[in-house]
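One letter stands for each residue in the lines below.
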Amino acid sequence: MIGYYILIGAIALVSWLVSNTLKRKFDKYSKVQLRNGMSGAEIAEKMLADHGIRDVEVISTPGQLTDHYNPKNKTVNLSEAVYNQRNAAAAAVAAHECGHAVQHAKAYSWLQMRSSLVPVVSVTSGMSQWLIIGGLILGGAAGLGLGWWVAAAGVAFMGFATLFSFITLPVEYDASNRALVWLKNKNIVTPDEYVGSEDALKWAARTYVVAAIGALASLLYWALQVFGGRD
């Protein structure tokens, strides 16, 4: 158990460092004003139009780092700062979220796979660890009857969340690549502004990498606890 806490602590530390670096990067590039004077909302609308997407709405959503694309109602949701601001960070985020809309329009396979897992993960992720711990208390570690099956179900549920984390990686990286290619090819940003947008998206993607590694580490640890104790 101590080894698990050390591992999770190390991953949490790396996650904090990456998240802190990401915040500093966005603060830095939020000061790089776009020469074209376009806001995040205007950039999003242009990217959608350039890809022939007419049925997606760009809207403002409260909070910070709340930017996302909602495939259910086809909306690109931009935080208030991104929606209204006219800087390299806002351009990167707006284009990235539109990258997801382009994926949706083109039926990008990894996005479809992730979307199909959302209903499953929304149910299983919250109960997986409780099932594992409950099963182990009931004797699952020794391979005893009902306890083992309960713990094994918990590991399976945790496996869905881990799979979701790894499927998210190509989805996020592809959305960033689509955003950066469009920003560059359409001359939306200058070379200096492009460097800032690229760096910001690079660090944003790394948060997903750390999350996936953390999910895998937890899965392997609990799987060992459940299955490793069986004769």
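Residues numbered from 1 in each chain as written. Predicted model: local features only at pLDDT ≥ 70, side-chain atom pairs only at ≥ 80, totals over all residues. Heavy atoms only, no water.

### Here's the deal with a nonpolar patch on the surface
- On the surface, Leu 13, Trp 16 and Leu 17 cluster together into a nonpolar patch covering about 330 Å² of accessible area.
- If you trace the backbone, Leu 13 turns up in helix H1 (residues 2-29). (Patch = residues over 30% accessible without salt bridge, like charges linked within 9 Å, V, L, I, M, F, W, Y side chains within 5 Å. Areas by Shrake-Rupley, 256 points an atom, 1.4 Å probe, with all protein chains shown as cover. Salt bridge = Lys/Arg side-chain N within 4 Å of Asp/Glu carboxyl O. Helix = DSSP H or I, 4+ residues; strand = E, 2+ residues; numbered from the N terminus.)

### Description of the sheet that holds strand E2 (residues 68-70)
- Pairing is mixed across the open sheet formed by 3 strands, whose spatial order is E1-E3-E2. Both outer strands of the open sheet, strand E1 (57-61) and E2, are each paired with one neighbouring strand and no more. For this sheet, the mean angle separating the axes of adjacent strands, direction not counted, is 30 degrees. (Pairing = 2+ DSSP bridges. Axes fitted to C-alpha atoms, helices over the stretch in contact; angles between N-to-C directions.)

### Regarding the environment of Pro 170
- Looking at the secondary structure, you find Pro 170 in helix H7 (residues 145-185).
- Considering only alpha carbons, one finds Pro 170 and Ala 205, 35 residues apart in sequence, at a separation of 9.7 Å.
- Among residues more than four places away in sequence, those in contact with Pro 170 are Tyr 108 and Trp 110. (Contact = heavy atoms within 4.5 Å.)

### Brief notes about the UniProt feature "transmembrane region" (unreviewed entry) in the protein
- The UniProt record marks residues 6-22, 117-142, 148-169 and 207-224 with the feature "transmembrane region" (unreviewed entry), using the residue numbering of this structure.
- Taken end to end, residues 207-224 has its terminal C-alpha atoms 26 Å apart, with 100% of it in helix and 0% in strand. (UniProt positions renumbered as here; feature names shortened; annotations may be inferred.)

### Quick look at the nonpolar core
- With 43 residues, the main nonpolar core has Ile 43, Leu 48 and Val 76 as its most contacted residues.
- Counting only elements with at least two residues in this core, the list comes to H1, helix H2 (40-50), strand E3 (75-79), helix H4 (88-105), H7 and helix H8 (191-227).
- Of all the elements, H4 adds the most residues to this core, at 11 residues.
- The residues contacting Val 76, other than those within four sequence positions of it, are Leu 48, Val 56, Glu 57, Val 58, Ile 59, His 68, Tyr 69, Glu 97, Cys 98 and Ala 101.
- Ranked by size, the runner-up nonpolar core spans 11 residues in total, among them Trp 148, Ala 151, Tyr 221 and Val 226. (Core = buried A, V, L, I, M, F, W, Y, C linked by side-chain atoms within 4.5 Å. Buried < 20%, exposed > 50% of the residue type's maximum accessible area, 1.4 Å probe, protein only.)

### Notes on H2
- All of the buried residues in H2 are Gly 40, Ala 41, Ile 43, Ala 44, Met 47 and Leu 48. Projected onto a plane normal to the axis of H2, the buried residues spread over an arc of 165 degrees and lie on a single side.
- On the buried face of H2, the contacting elements are E1, E3, helix H3 (80-84), H4 and H7. (Arc of directions from axis to C-beta.)

### Section: the pattern of salt bridges
- On inspection of all chains with the given rule, the structure shows 8 salt bridges.
- Of the charged contacts, one joins Asp 50 and Lys 46 as a salt bridge, the two residues approaching to 3.4 Å between their closest N and O atoms. Here Lys 46 and Asp 50 lie together in helix H2, a separation of 4 residues that amounts to about one turn.
- Take Asp 50: its relative accessible area is 32%, and that puts it in the partly exposed class.
- Several salt bridges converge on common partners, so that one network encompasses Lys 25, Asp 199 and Lys 202.

### Re the side chain of Asn 77
- As for its placement among the helices and strands, Asn 77 is situated in strand E3.
- A distance of 2.9 Å separates the side chain of Asn 77 from the side chain of Thr 75, its partner in a polar contact. (Polar contact = N/O pair within 3.5 Å; in protein donor to acceptor, adjacent residues only side chain to side chain.)

### Some points on the packing of helix H5 (residues 109-124) against H7
- Orientation of H5 relative to H7, taken along the N-to-C sense of each, is 150 degrees, at an axis distance of 9 Å. Comparing their axes, H7 and H5 come out roughly antiparallel. Taken as a pair, H5 and H7 cross one another with a handedness that is left-handed. The residues of H7 that touch H5, namely those facing Trp 110, Leu 111, Met 113, Arg 114, Leu 117, Val 118, Val 120, Val 121 and Thr 124, are Phe 157, Phe 160, Ala 161, Leu 163, Phe 164, Ile 167, Thr 168, Pro 170, Val 171 and Glu 172. (Parallel < 35°, antiparallel > 145°, perpendicular 65-115°, else oblique. Left-handed = near helix turned anticlockwise from the far one by under 90°.)

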